[in-house]
Structure formats: structure tokens, C-alpha cells
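Results of the structural survey
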Amino acid sequence: MGLKNKDLISVHDLSVGEVATILDVAAKLKRKQKAGEPHEYCKGKTLVMIFSKASTRTRVSFETGFHQLGGHPIYLSDQASQIGRGEPVRDTARVLSRMVDGIMIRTFSHESVLELAKYASIPVINGLTDLLHPCQALTDLFTIQEHQKVLKGRKLVFVGDGNNMAHSLMFACAKVGMHMVCASPKGYQPNPHIVKQAQEDAKLTGASITVEEDLLTAAKGADILYTDVWASMGQEDERAERIKALGGYQINQKLLDVARPECIVLHCLPAHRGEEITEDVIEGPHSVVFDQAENRLHVQKAIMALLMSDERL
Ligand code: CP
Ligand code: NVA
């Protein structure tokens, strides 16, 4: 059992069956890890992790996860490698392909990741670009499944900036038959090309993907409320104008009141309390953000094992 593509760049590239496989393998690996059972599916392999942006969860979950799979992770920052000094992506891709077994990359430009994958003969995993955050969105499906059992038919309302997180959640919801509403103000709505692609994917599963400006209308009957920061990494200069434009788009008690009583609240983290989410909600009984953060470990282990292991999983 593996995945048909060499790389994991976008949830859009996965089949409906492959998304289910990732969730199943993640559940199996989580069980094994909790039971203390060995699961060294990548024994003897090496993974390079390239970070051009900051990270807490992504770095620690990939590094720990690959170690738990029996492999050796190497951290490369822009500053401490030739990447930051302008070595072409296609050269990095070919050099690393001759030395290691896989690459995880977090960077700004999505095109750079596509180029890296094109020139690398080894698997490339997207650990976030300005456009997408697929490992987080797959983790979010896993977390929703843990808490709400069934994914199909659930309503997920994304609140705020139609950013990388919103884009990957659209693809993820489309693959599992969920109904996603992206509630964002004009000027901060998701990329229409991504919305269209996700709506095409949605036809296969009976999912629906929509964009709505009115937050309270969007949040009615939500099974999941999800938000992310108003200013993403690389948008620090736009912070003041974003706070103004996205100001009302917050998960708070008033919003929870129009959602379903058993609604769960997700946030990819890091969170800005008092901006996109209130302190009482993120610390309250509906919030499962720390289960969500932990699950990055288990889901990414599944992705790495499926892409890089020589063993049957
Ligand atoms: N959610 C997430 O990707 O967190 P980090 O930026 O800490 O990796
Ligand atoms: N949208 C955020 C996600 C961080 C995990 C960013 O790109 O900074």
C-alpha cells in the first residue's frame, strides 16, 4: 500500500481512497505508538527538512515522527544552508536526491515546491506554502473523525482569511464529502481557482464548497468551526490593514451559539487570542486544538511511511 504520486504537494492530488488510507494508517500508527509497539517503517532512511519560515508544530512533528519511524531527520534552515544564498532549487533537488530518501519543505512560493518535486527523484512533502498547508488539513480530517466519528455530511465553517489553510481545507473537505463554507470578507476570500478545483473534486463525494461573506449565516448549524490567523507568515507588513478588514471574523461565544451544540472548534495554531478566536472559546469545552496539534505527529508519520517505506503497511 502506498500513494500513486511520488510527492505530497496538495490534497487535491490525492484520490478519495488515498485520503482514507492516510487516515487509516495514521490511526494504526497512533495506536502502535500509544501501545509502545515498534513501527520502524523508515529504518535506515534519511529525511531533509527545509524551513524558510518559522515553525513549532511542523518541525517537531516531522522530526520526532521520522525518528519514531526509525529514520534520521536533518533540519536545514535558509540561513544555515546554501538555499538562503540563492542556490537554485533544481540544484538542491538533484543534490539531495543523491544523498537522502525524502524532503519536507516549508517555504513561501508554491512554485518552488513544485520545482523541487519536479527535479527531485525522491518524495517531496509540502510542509506549508503561501498557497497550501496539506499536512495540516489531513490532520484536521483525522481529528474531526476522532471526535465526530463520521466525516461525510459534516459542516465545517472556516472563519477569516481565505488563505493557505482555507485552501487546503477546501480540498480536504471535498475528498471526504463534507460541506465547507469559507466565511471571509471581500478582498480576503479564497483564490477562485482553488475554489473551482475543490468544487470539481466535491462532485465525486457529494461534498459542497462555498464562500459566504456573512459570518452568522455561514456558521448556522456548523459541526466544526475553524479559524487561522489574520496575518500569515510573510504578511507581517499588512497586519494593521488585515486587523481592520478581518476584525469581525472571530470565533467567539456568539458564533458558537448558532453552531450545533456538539460543535468542535479547531485552529491550526499558533493562535492570536482576542483576534481570530477568543480566550474563552480556545480554552473552553468545544476546543480540541491540542488533540489537533498532537495529531500532526501521527498523520505525518502515515504520510512519510506511505511515501518512503519499503515495507507493506
Ligand atoms: N500549524 C502549524 O503548521 O504550526 P507551526 O507553524 O508551528 O509549524
Ligand atoms: N496561515 C498561517 C498558518 C500557520 C500554520 C501561515 O501561513 O502563517
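A brief structural summary. Only a predicted model underlies this, so the values are computations on that prediction, with no experimental measurement involved.

Quick look at the site of ligand 2
If you check the shell around ligand 2, you find L128, N163, N164, D228, S232, M233 and L269 and nothing else. Note that an oxygen atom of ligand 2 is positioned 2.8 Å from one of the side-chain N or O atoms of N164. In this structure, a nitrogen atom belonging to ligand 2 sits 2.7 Å away from a side-chain N or O atom of S232.

What to know about the sheet that holds strand 2 (residues 72–77)
Across the sheet, 4 strands lie side by side as 2-1-3-4; this open sheet has parallel pairing. Across the chains shown, the open sheet's two edge strands, defined by having one partner strand only, are strand 2 and strand 4 (124–126). Taking the axes of each pair of neighbouring strands and ignoring which way they run, one obtains an average angle of 20° across the sheet. Bridge analysis of strand 3 (residues 102–106) against strand 4 gives 3 bridges, and the strand direction is parallel. When the sheet's bridge partners are listed, I105 is paired in strand 4 with N126. Sheet strands touched by helix 4 (residues 110–119): strand 3 and strand 4. Its angle to strand 4, the strand with the most contacts, is close to 165°.

Brief notes about the packing of aromatic side chains
Inspection of every chain in the model, using the stated rule, returns 2 aromatic pairs. Directly above the ring of F108 sits K53, whose terminal nitrogen or CZ lies 4.7 Å from the centroid. Sitting above the plane of the Y75 ring, R59 keeps its charged end 3.7 Å from the centroid.

Considering the site of ligand 1
With respect to spatial proximity, the complete set of residues near ligand 1 consists of S55, T56, R57, T58, R106, H133, Q136, C268, L269 and R296. Measuring from an oxygen atom of ligand 1, one finds a side-chain N or O atom of S55 at 2.7 Å. For ligand 1, a nitrogen atom lies 2.8 Å from a polar atom in the backbone of C268. Burial of ligand 1 by the protein amounts to 96% of the accessible area it has alone, namely 260 Å².

As for the pairing of strand 9 (residues 264–267)
Regular strands place side chains that alternate from one sheet face to the opposite one. Side chains I264 and L266 project from strand 9 onto one buried face, and the interleaved V265 and H267 project onto a second face that is buried too. Relative to strand 9, strand 8 (residues 224–227) runs parallel, the two being bridged by 4 bridges. What sits directly across from T227, in strand 9, is H267.

Quick word on the packing of helix 1 (residues 16–35) against helix 5 (residues 134–148)
Where helix 1 contacts helix 5, the two axes come as close as 10 Å, and the packing angle between them is 65°. Overall, the two elements helix 1 and helix 5 adopt an arrangement that is roughly perpendicular. Regarding helix 1 and helix 5, the two cross each other, and that crossing is right-handed. Together, V19, I22, L23, A26, A27 and K30 of helix 1 and L138, L141, F142, Q145 and E146 of helix 5 make up the contact between the two elements. Here the residues of the contact of helix 1 with helix 5 sort into 8 nonpolar, 1 polar and 2 charged.

Regarding the packing of helix 3 (residues 89–97) against helix 4
Their axes nearest at 8 Å, the elements helix 3 and helix 4 cross at an angle of 40°. The orientation of helix 3 relative to helix 4 falls into the category oblique. For the element pair helix 3 and helix 4, the recorded crossing hand is right-handed. Mapping the contact onto sequence places V89, R90, A93, R94 and S97 in helix 3 and S112, E115, L116 and Y119 in helix 4. Its residues assigned to classes, the contact of helix 3 with helix 4 shows 4 nonpolar, 2 polar and 3 charged.

Cut-off values and rules
Residue indices begin from 1 for each chain and proceed along its sequence in written order. Here every chain gets a letter starting at A, and every ligand a number starting at 1, in the order they are written. Totals for whole chains, interfaces and linings use all residues, but because this is a predicted model, local features are given only for residues with pLDDT of at least 70 and pairs of side-chain atoms are given and counted only at 80 or more. The side-chain quantities take in all heavy atoms of the structure and omit both hydrogens and water. A cutoff of 4 Å decides nearness: a residue is near a molecule or strand if any of its heavy atoms lies inside that distance of it. N or O atoms closer than or at 3.5 Å make up a polar contact, with two conditions inside protein: a donor-capable atom paired with an acceptor-capable one, and, for residues adjacent in sequence, both atoms drawn from side chains. A pair of strands counts as paired when DSSP detects no fewer than two bridges linking them. Per the convention used, a helix needs a DSSP run of H or I reaching at least four residues, while a strand needs a run of E reaching at least two, with both numbered from the N terminus. Axis definition: a line fitted to C-alpha atoms, over the contacting stretch in the case of helices. Angles run 0 to 180 degrees between N-to-C directions. The contact criterion used is simple: two residues touch if any of their non-hydrogen atoms lie within 4.5 Å. The criterion for an aromatic pair is that two Phe, Tyr or Trp rings (for Trp, the six-membered ring) have centres within 6.5 Å, with stacked assigned to planes under 30 degrees apart, edge-to-face to planes over 60 apart and tilted to the rest. Any Lys NZ or Arg CZ found within 6 Å of a ring centre and within 35 degrees of that ring's normal is scored as a charge over the ring. Here, Shrake-Rupley sampling with a 1.4 Å probe gives the accessible areas, and only protein chains in the shown set may cover a residue. Working definition: with a 1.4 Å probe on protein chains only, accessible area under 20% of the residue-type maximum means buried, over 50% means exposed, and in between means partly exposed. Put simply, angles under 35 degrees are roughly parallel, angles over 145 are roughly antiparallel, angles from 65 to 115 are roughly perpendicular, and the rest are oblique. The handedness criterion is simple: a crossing whose near helix is rotated anticlockwise from the far helix by less than a right angle is left-handed, and one whose near helix is rotated clockwise is right-handed. Charged residues are taken to be Asp, Glu, Lys and Arg, nonpolar residues to be Ala, Val, Leu, Ile, Met, Phe, Trp, Tyr, Cys and Pro, and polar residues to be all remaining types, Gly included.

Any link to function would need more than the numbers given here.
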